[in-house]
Each structure stands twice: as C-alpha cells, then as structure tokens.
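Coordinate analysis (summary)
For reference, the chains in residue letters:
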Amino acid sequence: GAGTQTAALGFGGASPVPSLALTESYNGTSWTEVNDLNTARYAMGGAGTQTAALGFGGYIPGSLALTEIWNGTNWTEVNDLNAARRYLAGAGATNTAALAFGGTPNTAATETWNGTNWTEVNDLNTARQSLAGTGTNTAALAFGGNTGPGAVTETWNGTNWTEVGDLNTARSYLAGAGTSTATLAFGGNPNTAATETWNGTNWTEVNDLNVARRSLGAAGTNTAALAFGGNGTPPTLAATEEWSDPGTITKTLTTS
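Think of each chain on its own: its residues are numbered from 1, step by step along the sequence as written. Residue-level local features of this predicted model are given only where pLDDT is at least 70; pairs of side-chain atoms are given and counted only at 80 or more, and the full residue set underlies all totals for whole chains, interfaces and linings. Where side-chain values are given, they derive from all heavy atoms of the structure, hydrogens and water being excluded.

**Observations regarding the packing of aromatic side chains**
Centres within 6.5 Å are what make two rings of Phe, Tyr or Trp a pair, Trp counting through its six-membered ring; a difference in plane orientation under 30 degrees is then read as stacked, over 60 as edge-to-face, and the rest as tilted. Applying the stated criterion across every chain yields a total of 13 aromatic pairs. Measuring from ring centre to ring centre gives 5.2 Å for Trp 113 and Trp 118, while their planes differ by 45°; the resulting arrangement is tilted. You'll find Trp 113 and Trp 118 in the same group, each marked buried. Of the aromatic side chains, those joined through ring pairs into one cluster are Tyr 42, Tyr 59, Tyr 87 and Tyr 173. A 1.4 Å probe rolled over the protein chains alone gives each residue an accessible area, and that area as a share of the maximum for its type sets the label: buried under 20%, exposed over 50%, partly exposed in between.

Structure below.
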C-alpha cells in the first residue's frame, strides 16, 4: 500500500487467484478500481503516495526484482532491484526516494531508490522476511518479521541500521504506518489484531484491530492509519479499518 488514511492506493495481492495486478484507490469512504500493475504479483513492497507510488519485488511464483512506478493514472516498469525478493518491506514518502529491505530468502539486503536506480547500501542487522517498514529513505523503521524472535526493531538513519526496542508481540506478516519515530504496527501471524504504537524509544500496546489478520496492506500515520485486505477468517479479506488517535478504531468497510 501507499498514501494516507483518506487518499490511499492498494496494489497487487492474491485473492483467490495466485497473483493479482489489481490496483484500487481509496478516497476516505470507498475503494475504486483503477489501472492494473503491468505484472501481477503478491508479497511486494510499496512506497509513496496515492498519486505517486512505487511497487517493487514480489512473487508470481518466483521472486522478482521488478519495479513499477505509478503516476496517478498508469504503472510504468522501471529499473529492477539489484536483489530479487518477496515478502520485503518498503519505506518512502514519494516514488522518487524509497528504501527496500529484508525479504525472502531471509536477507538483510537494503537498497535505496533515487527515482531512476536502486543502489545497495548497508544491511539490516537481522536478516528476515515478512517484516514491516515505515518512514523515508533516510529515516526508516523496520520491525517484526520471520526471525527468532520476530520482535526485532531497527532504525535507519540514512547510512546504518541500529537495533532498538523490541515489539511487545513478536510476529511476522504485519503492517505499519507512520515515521521512524512515530509508528503504528498492527496485525500479523498467527492471525492477530494486536496493535502497538512506537514513540521513537518504546512500543506500547493499544486498542486492537476489529478484524484479526495477517498479510494486510497499510497507509497513513500513527495517528491516522488505514488497514486493508489481508488473510484471516474467511481466508481472504477485503475489510478496511481506520485508526484515529488516541485509540479508537472505526471499521469503515467490510466485505469478503
């Protein structure tokens, strides 16, 4: 996913077809289908806004290095990641400055995007897949993932990753929204509704999602987040929820 709570973009996925190219735009009330990705896939990373997004990596099957850029109307294939991977995380406020990190097979690889090319930079301290990420390409947060334990949190300063305070609930396949110093983490595997907020130093448990799920999409900030899609009960969900600080959750759209 990419964007804000009231102007979000959801793209790719699997439901129930193995790989989807579907792209939908959210206006704060409802979702509208827009032009598809060029390559159908799931388990990809995302960054940017509703009108200027970046989608990278993924699985169709087979791990991909493919990168596509969204201009508000169409997706265009651009230069690939250096390392093909799936179940990676992304961060970035625009489609011209993004960060990709982690992924399958368990890797610590980190790459930065300048609008034209991906460049390998310093690795995560803990190699992992199915993690979440928030922030920008110079100030990011990586948390959770398929590691032992899966509560590891690291912060990126534009040059290096530093391990900081762990999540309270270890999990993978989770989502997040916010910045490197103010993030909301929610959902995860095994199917959970657990939600935590990060203040730059510590994680604190707050009110749960209404619908427990994993492999969901996210957009927004730690005080105005959007959670959508995912895998739960039933297996594939279209449920959308809005988060409003200081801790109320409103389920705005639920279909399956």
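**Let's talk about the sheet that holds strand E8 (residues 75–78)**
Within a sheet, each strand pairs with its neighbour through backbone hydrogen bonds, oriented either parallel or antiparallel. The four strands are arranged E5-E6-E7-E8 in an open sheet whose pairing can be described as antiparallel. Bordering the open sheet on either side are strand E5 (45–48) and E8, each of which pairs with just one other strand. Averaged over neighbouring strand pairs, the angle between their axes works out to 25° when direction is ignored. In short, DSSP must find at least two bridges between two strands for them to pair. Only DSSP runs of H or I covering at least 4 residues are called helices, and only runs of E covering at least 2 are called strands; the numbering of each starts at the N terminus. Angles run from 0 to 180 degrees between N-to-C directions of axes, and those axes are lines fitted to C-alpha atoms, restricted for helices to the stretch in contact.

**A short note on the sheet that holds strand E18 (residues 183–186)**
Judged by pairing direction, the sheet is antiparallel, and its four strands sit side by side in the order E17-E18-E19-E20 without closing on themselves. Looking at which strands have only one partner, the edges of the open sheet turn out to be strand E17 (175–178) and strand E20 (203–206). The sheet shows a mean angle of 25° between the axes of neighbouring strands, direction not considered. Bridge analysis of E17 against E18 gives four bridges, and the strand direction is antiparallel. Note that in E18 the partner of Gly 176 across the bridge is Ala 185.

**Regarding the pairing of E5**
Relative to strand E6 (residues 53–56), E5 is paired through four bridges, and the arrangement is antiparallel. Within E6, the residue paired with Gly 46 across the bridge is Gly 55. Where E5 folds back onto E6 in an antiparallel hairpin, the turn is made up of four residues.

**Things to note about the pattern of salt bridges**
Put simply, a salt bridge is a Lys or Arg side-chain nitrogen that is within 4 Å of an Asp or Glu carboxyl oxygen. Applying the stated criterion across every chain, the model contains five salt bridges. Between Glu 154 and Arg 128 there is a salt bridge whose closest N-O contact spans 3.0 Å. On the criterion of sequence distance, the pair formed by Glu 154 in strand E15 (residues 153–156) and Arg 128 in the loop between strand E12 (118–121) and strand E13 (132–135) is long-range, its members being 26 residues apart. For the pair formed by Glu 154 and Arg 128, the shared burial category is buried. For the salt bridge of Glu 241 with Arg 213, the shortest nitrogen-to-oxygen distance reads 3.0 Å. Of this pair, Glu 241 sits in strand E23 (residues 240–244) while Arg 213 sits in the loop between E20 and strand E21 (217–220), placing them 28 residues apart in sequence. Judged by its relative accessible area of 0%, Arg 213 falls in the buried class.

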